[in-house]
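Inside the fold
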Amino acid sequence: MTSLEETTGQADSGPSGYAAARLRLLQEKAQPGPPRRTALARLTDDWLNALFTTAAQESGVRGAALVAVGGYGRGELSPRSDLDLLLLHDGTSGPGAIAALADRVWYPVWDLGLALDHSVRTPAEARKTAAEDLKVQLGLLDARHVAGDLGLVTGVRTAILADWRNTAPKRLPELDELCRERAERQGELQFLLEPDLKEARGGLRDATALRAVAASWLADAPREGLATARRRLLDARDALHLTTGRATDRLALQEQDPVAAELGLLDADALLRQVYEAARTVSYASDVTWREVNRVLRSRSVRPRLRAMLGSKPAPERTPLAEGVVEQDGEVVLARTARAERDPVLPLRAAAAAAQAGLPISLHAVRRLATASKPLPVPWPAEAREELVTLLGAGESTVAVWEALEAEGLITRLLPDWERVRCRPQRNPVHTWTVDRHLVETAVQASSLTRRVGRPDLLLVCALLHDIGKGWPGDHSVAGEVIARDVAARIGFDRDDTAVIATVVRHHLLLVDTATRRDLDDPATVSSVAARVGSLATLELLHALTEADALATGPAAWSSWRASLVDDLVARVAAVLTGDDFADPEPTAPSAEQERLAIEALRTGGPVLALRAQAETPQEDGEPEPVGVELLIALPDRPGVLPAAAGVLALHRLTVRAADLRAIELPTELGKTSDVLLLSWRVAAEYGSLPQATRLRADLVRALDGSLDIPSRLAEREAAYPRRRGVKAPPPRVTVAPTASQLATVIEVRAQDAPGLLHRIGHALEQAAVRVRSAHVSTLGANAVDTVYVTRGDGSPLPEADAVALAKALEAALQ
């Protein structure tokens, strides 16, 4: 069979010779891809060189050259690509001679039916036009000599590159805007069922724009995988041209199987997945590159003023966000003290901090985490699980951070089952996203519904996993149940929570399918759903997930009609599941340590504190994995304890992961009893080391006697931090659980976890003149679910109207 090298030498200067050689080349199957594109460009060069040389000799034109620009200049000729040509001349020949030369080159091209984009200019005209038209300038950046005066071409190319670099601060923002406008019109290639390989975001146009940015010397794109992504998009376009016989860049549904066959792929889904992966690489590189361009441009505009004021280059400001994570210059980077090789939770902690702050995570930080951090132990430690939930609950800012982790392979390292859904297309036109992006988008939607459920952490994880079975044959809900059970156990949920996650994933379509396809007045319908759901808590999760799933699918998947049907079904199922009233939990006896502290507090009349490290399952090296510190506080019962203690912890930058408050009775020397409050906290430092217990006690004493103004101190610290684009959390929700206790009124608070939240809750309860009988705090990722048992002064539950009023007042105080 004829090789590509042999084929390129078989064209004569006539159209028929070139056409025959071109046909043989395109029919060659042995070396597709870059070799064929290079050979086609070389074959075309040889033919045009012969045409131009003959025409120039016959017309007597000197000081002229034929220049390939754009895709042809890069040597990226697909079977039906346009020929982008510039006839460059030095102006010494008359206009008639130049026009005659141009005609003798252009007409043979047109005679063969080839699309031609042509222009005739002097070097000065080329530079002037490039200065006025960004698209012309971009094409000339890839200018390549084909025939004629090489020195003329070299001079123009050098001048155009110099102009581009000199005007880059002005022209790059213009190019960025062009890319954004095109993305708005064409959509994102990685999610389109019929993508435009060239114009859609993440396509060939964006890859070319990255080359232009690199040529400016102002910034450069991440190069890993970019060349491969570009090649795959060009290969797909070549196959599309060959199978359709047309100059098209749109990969229509009916063309996908033939194109897949031309590329030697299994089917259309394999083709789309390969195209999507390439587009995702280009899109991520574009995001990183344009962020760097904008950072450099901002820096150039600010530094001269700062240098004039300070007399030297200012050091970049670094604001702590979490342990080992700081903000610098609008990005999240690793702290200088961070040790990724010793801190397996650092990737998730950095990602959660970035998403919560609404900031991008820097490319350098992600790559360091990908290469230096060691894998998490299985099951994950509690901190890793909490950071994952925090990341998922951050709303829209989760997406960009998740994509950054995925681009460097961190997601599949954390969750190996993710590989099967990554870039997997969904051919149902109702779906807007690929499977993996749909799962992340569902978590984004679920983050706004976390106030509706008692376990927001389970809701967010169920949202991430509900379609995880789509990478396997058969019913994806059945396969997903098995995978979700394994993943939940892997990331450290206990047996009961794992069972709930598996149940929700198995039945995530149950509510909407039943509500829209079954008779809800038939008792058997409702009973069947209740039997599969099993509990009110699971029903609550399914209800929220159903809405989040539909909203993340696409605009056609959810409506007020569907919502009303599902709400009706949920109300009926809840009625079936509602049984006896909840019993008051039996209080556990205080531990020996708690009893010792309580006795000491009663003896001294003041607070007594103890800090004790907690540990989880031993790791592979036999060392326990620390997950936080248990802080025990005992002090005689008095008003203001809860807000004071919570405020002191917030001032010392301690995050409360869980808390429990209760009163115990101890005998006094006079034979009577006295109440002592026991507060048990699980805390972790936001960053840095833990404070000493003596400092905590001293500040607690000052807070209780009124000499430490906690609200003012917290407000001052908040004002000292720059405003960020952090996650916009759903508003807090405070409800009364009317049947949860016969001894007290139970108030449930669901809100975004934030420094001082528990202090504000305690302060609002103190102002309401109610007594806190016990409090139970649970921080689930970025969400706090706090349950407070309150009574009147005489120890009796609040009347219903008073309880509702208290809930409304507390909700208003937390807004």
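Residues numbered from 1 in each chain as written. Predicted model: local features only at pLDDT ≥ 70, side-chain atom pairs only at ≥ 80, totals over all residues. Heavy atoms only, no water.

**Looking at the overall build of the protein**
Check the secondary structure of the protein and you find 31 helices and 15 strands. If you take every contact in the protein between residues at least 6 apart in sequence, the share linking residues at least 24 apart comes to 70%. Surface exposure of the protein reaches about 36,400 Å², of which carbon and sulfur atoms provide 51%. Side-chain charges in the protein split into 96 positive and 110 negative, and the spacing between the mean points of these groups amounts to 5 Å. (Helix = DSSP H or I, 4+ residues; strand = E, 2+ residues; numbered from the N terminus. Contact = heavy atoms within 4.5 Å. Areas by Shrake-Rupley, 256 points an atom, 1.4 Å probe, with all protein chains shown as cover. Lys, Arg positive; Asp, Glu negative; His and termini not counted. Charge placed at Lys NZ, Arg CZ, Asp CG, Glu CD.)

**Section: the sheet that holds strand S1 (residues 64–68)**
Across the sheet, which stays open at both edges, the four strands sit in the order S3-S2-S1-S4 with mixed pairing between neighbours. Taken across any chain shown, the strands that pair with only one partner, and hence form the sheet edges, are strand S3 (116–121) and strand S4 (144–148). If you compare each strand with its neighbour and ignore which way they point, the axes differ by 25 degrees on average. In the sheet, S1 pairs with strand S2 (residues 83–89) via five bridges, with the strands oriented antiparallel. Looking at the pairing, Leu66 lines up with Leu87 of S2. (Pairing = 2+ DSSP bridges. Axes fitted to C-alpha atoms, helices over the stretch in contact; angles between N-to-C directions.)

**Focus: the pattern of salt bridges**
One pass over the structure, following the stated rule, counts 52 salt bridges. Measuring nitrogen to oxygen at the nearest pair gives 3.0 Å for the salt bridge that ties Arg205 to Glu199. Residue class for Arg205 comes out partly exposed when judged on its relative accessible area of 38%. In this structure Glu199 comes out as buried when scored by relative accessible area, which is 18%. (Salt bridge = Lys/Arg side-chain N within 4 Å of Asp/Glu carboxyl O. Buried < 20%, exposed > 50% of the residue type's maximum accessible area, 1.4 Å probe, protein only.)

**Quick word on the confidence of the model for the protein**
With 92% of its residues at a pLDDT of at least 70, the protein reaches an overall mean of 88. Low pLDDT, under 50, characterises residues 1–11; the predicted model gives this stretch 26 contacts beyond four residues in sequence or across chains. (pLDDT = per-residue confidence, 0-100.)

**Topic: the packing of helix H22 (residues 510–517) against helix H23 (residues 523–533)**
Between H22 and H23, the least distance of the axes is 11 Å, while the angle of their chain directions is 175 degrees. Between H22 and H23, the crossing angle belongs to the class labelled roughly antiparallel. The residues of H23 that touch H22, namely those facing Leu510, Leu511 and Thr514, are Thr525, Val529, Arg532 and Val533. In terms of residue class, the contact of H22 with H23 is made up of four nonpolar, two polar and one charged. (Parallel < 35°, antiparallel > 145°, perpendicular 65-115°, else oblique. Nonpolar A, V, L, I, M, F, W, Y, C, P; charged D, E, K, R; others polar.)

**Observations concerning the sheet that holds strand S7 (residues 331–334)**
Within the open sheet, the three strands sit side by side as S5-S6-S7. Their pairing is antiparallel. In this open sheet, the two edge strands, each paired with only one partner strand, are strand S5 (318–322) and S7. For this sheet the average axis-to-axis angle between neighbouring strands, irrespective of direction, equals 40 degrees. When strand S6 (residues 325–328) meets S7, the two strands line up antiparallel, connected through four bridges. Bridge pairing in S7 links Val326 to Val333.

**Let's talk about helix H20 (residues 476–490)**
Residues three or four positions apart in an α-helix share a direction because the helix packs 3.6 residues into each turn. Taking 1.5 Å per residue, 15 residues should reach 21 Å; H20 reaches 20 Å between its end C-alpha atoms and fits that length. Of all the positions in H20, only His476, Ser477, Ala479, Gly480, Ile483, Ala484, Val487 and Ala488 are classed as buried. Those residues of H20 that are buried lie in contact with helix H19 (456–465) and helix H21 (495–506). Capping of H20 at its N-terminal end is provided by Asp475; its side-chain oxygen lies 2.8 Å from the backbone amide nitrogen of Ser477. (Expected span 1.5 Å × (residues − 1). Polar contact = N/O pair within 3.5 Å; in protein donor to acceptor, adjacent residues only side chain to side chain.)

**Topic: the environment of Leu197**
Along the chain, Leu197 turns up in the loop between helix H8 (150–186) and helix H9 (204–215). A relative accessible area of 0% means that Leu197 is categorised as buried. Sequence separation of Leu197 and Thr248 is 51 residues, and the distance between their C-alpha atoms is 9.2 Å. Those residues in contact with Leu197 that sit more than four places away from it in its chain are Leu189, Gly203, Leu204, Leu233, Ala236, Arg237, Leu240, Asp249 and Val275.

**Structural notes on the side chain of Arg37**
Mapped onto the fold, Arg37 is located in helix H3 (residues 34–59). The class for Arg37 is buried, based on a relative accessible area of 4%.

**A short note on the side chain of Ser362**
Examined against the element boundaries, Ser362 turns out to sit in the loop between helix H13 (346–357) and helix H14 (363–372). Within the structure, Ser362 has its side chain in polar contact with the backbone nitrogen of Ala365 (distance 3.0 Å).

**So, the nonpolar core**
Ranked by size, the top nonpolar core spans 95 residues in total, and within it Ile361, Trp380, Trp402, Leu415, Trp418 and Ile501 carry the most contacts. The dominant element in this core, judged by the number of residues it contributes, is H13, at nine residues. Look past the residues within four positions of Ile361 in its chain and what remains in contact with it is Arg291, Val332, Ala350, Ala351, Ala354, Val366, Leu369 and Ala404. Grouped together as the second largest cluster of nonpolar side chains are 51 residues, Val641, Ala650, Leu677 and Leu758 included. (Core = buried A, V, L, I, M, F, W, Y, C linked by side-chain atoms within 4.5 Å.)

**So, helix H30 (residues 757–767)**
Listing the buried residues of H30 in full gives Leu757, Leu758, His759, Ile761, Gly762, Ala764 and Leu765. Backbone geometry just after H30 places Ala769 at a positive phi near 60 degrees.

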